[in-house]
Amino acid sequence: MKIDYYKTVKYNTFNEMLYAMYNTYNETIALKFFNKSKIIEITYKDLAEEIITIYNYFKINKIKNKNIGIISENRYEYITIYLSSVFDNVICPIDKELTEDSLKKLVEKFDIDVIFYTNKTKEKLSKINKIKTRIINIDEEYKYIIQQKINIEHFFKETKKIDKHKFSILAFTSGTTDEMKGVMLSQYNVLSNLRAAIENNNLKTPTLAVLPMNHTYGFNPGVLNTLYNGTTLCLNLELKHITRDLKIFDPYFIAVVPMMVEGIYKNIIATAKRTKKYKLLKIMIKISNFLLKLKIDLRHLFFGNILNKKLRLMVSGGATLNPIYIEKFNELGIKILNGYGLTECAPLVAVNREINNIPGSVGTIIKDDTVKIEKDGEILVKGPNIMLGYYKDEKATKEAIKKGYFKTGDFGYKKDNILYITGRKKNLIILENGKNFSPEQIEEKLLQLDYIKECLITTKKKNKVSIIIAKIYMEEPSDKLKEDIEKINKTLPNYMNIDEYEIMEKEFEKNSSKKIIRSKYVKWIKKNDERKLWYNKY
């Protein structure tokens, strides 16, 4: 099947991208954000100059071939520090939610030489060895750093020599266990992936960045894609202001995680109820749906003032999205596109397209990637976005990359270059009779019930036999749950039937990527030196 990808400019290095920012897009507004009640606008030329100034600061202070960490809330300076570090150094975005002890371990394990921090994150650094690691307060020192003189021409000439495959970004995988790995990415890994994302979807201006910038998904598709595109990026610096930012900045596109999708929709319903317009909203949705059947689309006329008028696309990644929200937002004229990626892939592997949004899939495989499915169903990926390896961990690197293919650890299948995910390999439930299945297959069916917010499939012993348990979290109880589970069981093979369910009193514990930490709720045993889930269901 031939895929018609969008055409876009090709940058192989950040030098080329920055050159275009300075010379081609110069007076175009690159960034917009609120500073208290005032909107700040920064042009591409000003942004490029500031990045070059910080690069010059590193040179003057002999900061070269160093691992530069940044532990900060979302802010404009995050972008300039990141893009100035990738040339002669390695940028290391750090999760600001780490504990003091976890941060200390990370700094030591991954050889962090310099840390940029803020007044909001400075308490996290209490256990850092200040002699070995240089710390720089963005709130206090940044304004002096950017006052230095620069030679623009010399910068572009000097950084042009840098190899595009140089190790430039150290990204940390959070995972759903306590283990943390450092993923080594080159400039070309990242830039080829940015280009691939734009080849799949035409991102009109402006866009809004809302996700944590320390995450590869939050920063690369969320921030860098717009800058690569030469269009305007608006920054949401605090989630409590997301409703204001959506209305004021009026973005066409935002990258989100499922929890955010749910939160935005619930806020829409809560606002409608509070203003006594909920019944009207339901009536208008029914009318709009009827008109759509007649090929009359008035959704943005009817619902444009609910969030904002321009918003057309939301790409959801990072975790499983309850499919009910795709339908609900589509009723309002907003397409939610499921995507799939991993930090090791910088991160995008596939994403649905505005012109070809296929429910149940994670979308079209990006242009330069090759995806193949192993005999056991595991997804393997090969392409220019595949990491250089894990930091100081040759064993893990050799286990993860075979003949150029990265072993994702996910099960799935593809059809006509469209990728489908069926589960996570390490979550596989293995039965003593030889049957096995991915718990995600059942969880996906449960999440189609609009009253279930979160769920997890596991097992427990009962009368010396393991039975399948559905752990379920609902914000409000439903008297239909037992009946609906019985209906779901009829759609499943007998060995996958839910035997019992447990109602959780609170949401599942999650990592910083908002993924449920499964290891907190299931039993692991050691078998053949591998961590596996083992179940005894007869």
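Before any of the text, the structure's been laid out above.
Residues numbered from 1 in each chain as written. Predicted model: local features only at pLDDT ≥ 70, side-chain atom pairs only at ≥ 80, totals over all residues. Heavy atoms only, no water.

Draft legend 1. Structural view of the nonpolar core. In terms of nonpolar packing, the biggest core is built from 78 residues, with Phe14, Leu31, Ile79, Phe116 and Leu227 touching the most fellow members. Non-local contacts of isoleucine 79, meaning those with residues more than four positions away in its chain, are made with Leu31, Met213, Phe219, Val223, Leu227, Leu233 and Leu235. Core analysis: the second largest hydrophobic core is formed by 44 residues, Tyr265, Val315, Phe329 and Ile334 among them. (Core = buried A, V, L, I, M, F, W, Y, C linked by side-chain atoms within 4.5 Å. Buried < 20%, exposed > 50% of the residue type's maximum accessible area, 1.4 Å probe, protein only. Contact = heavy atoms within 4.5 Å.)

Draft legend 2. Quick peek at the pattern of salt bridges. Taken as a whole, this structure holds 24 salt bridges when the rule is applied. The partner of aspartate 101 in a salt bridge is lysine 127, and the shortest N-O contact between them spans 2.6 Å. In this pair, aspartate 101 is assigned in helix 4 (residues 100-109) and lysine 127 in the loop between strand 5 (114-117) and strand 6 (134-137), connecting sequence segments 26 residues apart. Residue lysine 127 is classed as partly exposed on the basis of its relative accessible area of 39%. Aspartate 245 serves as the salt-bridge partner of arginine 244, at 2.9 Å between the closest nitrogen and oxygen. In this structure arginine 244 comes out as partly exposed when scored by relative accessible area, which is 28%. Exposure remark for aspartate 245: the relative accessible area of 0% places this residue in the buried category. (Salt bridge = Lys/Arg side-chain N within 4 Å of Asp/Glu carboxyl O. Helix = DSSP H or I, 4+ residues; strand = E, 2+ residues; numbered from the N terminus.)

Draft legend 3. Up close: the pairing of strand 13 (residues 335-341). For strand 13, the tally of buried residues reaches five of seven residues, placing the bulk of the element in the interior. With four bridges connecting them, strand 12 (residues 313-316) and strand 13 associate as parallel partners. Across the sheet, the residue bridging to methionine 314 is isoleucine 336, located in strand 13. Note that the unit made of strand 12, helix 13 (residues 324-331) and strand 13 has a crossover that is right-handed. With three bridges joining them, strand 13 and strand 14 (residues 348-351) adopt antiparallel strand pairing. Across the sheet, glycine 341 pairs through a bridge with leucine 348, a residue of strand 14. The antiparallel hairpin formed by strand 13 and strand 14 contains six residues in its connecting segment, where alanine 346 sits at a positive phi of about 70 degrees. (Pairing = 2+ DSSP bridges. Right-handed = clockwise from strand over helix to strand, strands pointing away.)

Draft legend 4. Expanded view of the packing of aromatic side chains. All chains considered together, the criterion is met by 23 aromatic pairs. Look at tyrosine 19 and phenylalanine 156: their rings are 5.2 Å apart centre to centre, the planes differ by 80 degrees, and that puts the pair in the edge-to-face class. Of this pair, tyrosine 19 sits in helix 1 (residues 14-23) while phenylalanine 156 is found in helix 6 (residues 152-159), placing the two residues 137 residues apart along the sequence. In this structure tyrosine 19 comes out as partly exposed when scored by relative accessible area, which is 45%. The rings of Tyr19, Tyr22, Tyr55, Phe87, Phe155 and Phe156 are connected pair by pair, giving a single aromatic cluster. Here the guanidinium or amino end of lysine 372 rests over the ring plane of tyrosine 405, the centre of that ring lying 4.3 Å away. (Phe/Tyr/Trp six-rings, centres within 6.5 Å; stacked < 30°, edge-to-face > 60°. Lys NZ or Arg CZ within 6 Å of the ring centre and 35° of its normal.)

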